[in-house]
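# Examining the three-dimensional arrangement
Here are the chains, one letter per residue:
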Amino acid sequence: MAHDYSSEGRLSPGSYEEDMRLLLAPRLAYFAGVARHEHVTRAAQELGVPQSTLSRAMVRLEQDLGVTLFTRKGRTVSLTPAGRDFLVSVERALAEVERAAEAVRADADPSAGKVAFGFLHTMGSETVPELIRAFRVDHPRIRFTLVQNYGEAMIERLRAGDLDLCLTSPVPDAPDLVARRLDEQRLRLVVPDDHRLATRKRIRLAEAADETFVTLEPGYGLRRITDALCAEAGFSPRVAFEGEEAETLRGLVAAGLGVALLPPPAVPRPGVVELTVTAPRAVREVGVAWLDGHVDTPPVAAFKKFLLSRRGNLLPD
């Protein structure tokens with residue numbers, strides 16, 4: 001059977017690689033099927049397409065590539081040397097696509113899928129492990145990809161599609177996000193155990209106006225809250241050290257390098273005293289956020305429902 005391979009429709013050397021992929025991708029499975037059977041009719045039956053459609057697809061594939069892939073005798077075909085080389089790469093590509101498809105199917109499996117969950121460093125030692133333990137009582141096979149980071153970084157990863165949900169503070173307010181307040185956490189003024197205020201139980205934040213503070217770096221939610229509370233108390237904190245983790249700040253306080261506004265520790269730390277702040281009201285709101293319009297897989301929907309059910313009972317006392 002003779003075929004006229006005109007230049008019409010063939011990709012020029014300057015065509016974009018994406019154009020080539022768009023042209024070739026739908027025909028690769030057809031090509032592999034014809035190559036496997038070396039017979040157009042049998043391949044068409046296996047693939048569930050009309051024989052005429054399959055024949056035209058193979059002709060157009062050769063036109064797009066500018067290479068003869070088959071020698072033909074009636075409905076029987078055999079691969080040319082170029083066709084055999086092409087088949088090796090096509091089968092590898094199709095196998096990779098199938099692996100990718102299987103992976104996303106597995107991630108969406110209602111009983112054993114995956115949730116990509118982000119949370120603040122301060123919630124990693126106690127809050128999040130307890131949440132996942134409680135959730136897995138009814139969903140024992142659901143898997144988690146866990147990401148610890150500060151709030152703004154997690155929001156960016158939500159927007160990039162790397163996370164399904166994130167537990168963060170302050171609760172974000174952005175048009176492309178959905179956020180729900182879940183709980184609040186009291187902040188304490190942490191001072192060295194030999195500090196002049198260490199014998200106190202309670203304190204007004206204004207009484208610490210002359211103190212040196214250690215804080216999280218700018219961009220962290222707790223840093224914004226610290227700055228806002230100090231401003232409400234009538235002063236701007238004099239910051240000596242900035243860090244990335246609350247427990248590091250506690251260590252700096254224990255070393256006598258300043259005071260800090262921090263959430264309660266998972267385990268009491270020696271060398272510091274934690275004072276209740278009576279004014280202003282020193283709390284941080286904690287909430288869950290997700291990308292607006294994002295379609296949840298069944299495991300993500302189940303975990304989101306679980307988190308929302310813990311409203312007011314998210315954090316340990």
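As a starting point, this report considers the structure included with it. (Residues numbered from 1 in each chain as written. Predicted model: local features only at pLDDT ≥ 70, side-chain atom pairs only at ≥ 80, totals over all residues. Heavy atoms only, no water.)

Attention now goes to the sheet that holds strand β8 (residues 202-204). With mixed pairing, the four strands of this open sheet are ordered in space as β8-β12-β7-β11. Two strands in the sheet have a free side with no partner beyond their single neighbour: β8 and β11 (260-262). Ignoring strand direction, the axes of neighbouring strands in this sheet form an average angle of 45°. By the bridge criterion, five bridges tie strand β7 (residues 188-192) to strand β12 (residues 272-279) in an arrangement that is antiparallel. When the bridges of β12 are listed, V191 appears paired with V273. (Pairing = 2+ DSSP bridges. Helix = DSSP H or I, 4+ residues; strand = E, 2+ residues; numbered from the N terminus. Axes fitted to C-alpha atoms, helices over the stretch in contact; angles between N-to-C directions.)

For the rest of this paragraph, the subject is the pairing of strand β13 (residues 283-291). Of all nine residues in β13, seven are buried; the element is thus mostly enclosed. Across three bridges, strand β5 (residues 165-168) lies against β13 in antiparallel orientation. Across the sheet, the residue bridging to C166 is A289, located in β13. (Buried < 20%, exposed > 50% of the residue type's maximum accessible area, 1.4 Å probe, protein only.)

A word on the pattern of salt bridges. Following the criterion strictly, the structure yields 26 salt bridges and no others. In this structure, R181 and E184 form a salt bridge, with 3.0 Å as the shortest nitrogen-oxygen distance. Judged by relative accessible area, R181 falls into the partly exposed class, the value being 35%. A salt bridge links K304 to D296, with the nearest nitrogen and oxygen atoms 2.6 Å apart. The class of K304 is buried, set by a relative accessible area of 10%. Judged by relative accessible area, which is 25%, D296 ranks as partly exposed. (Salt bridge = Lys/Arg side-chain N within 4 Å of Asp/Glu carboxyl O.)

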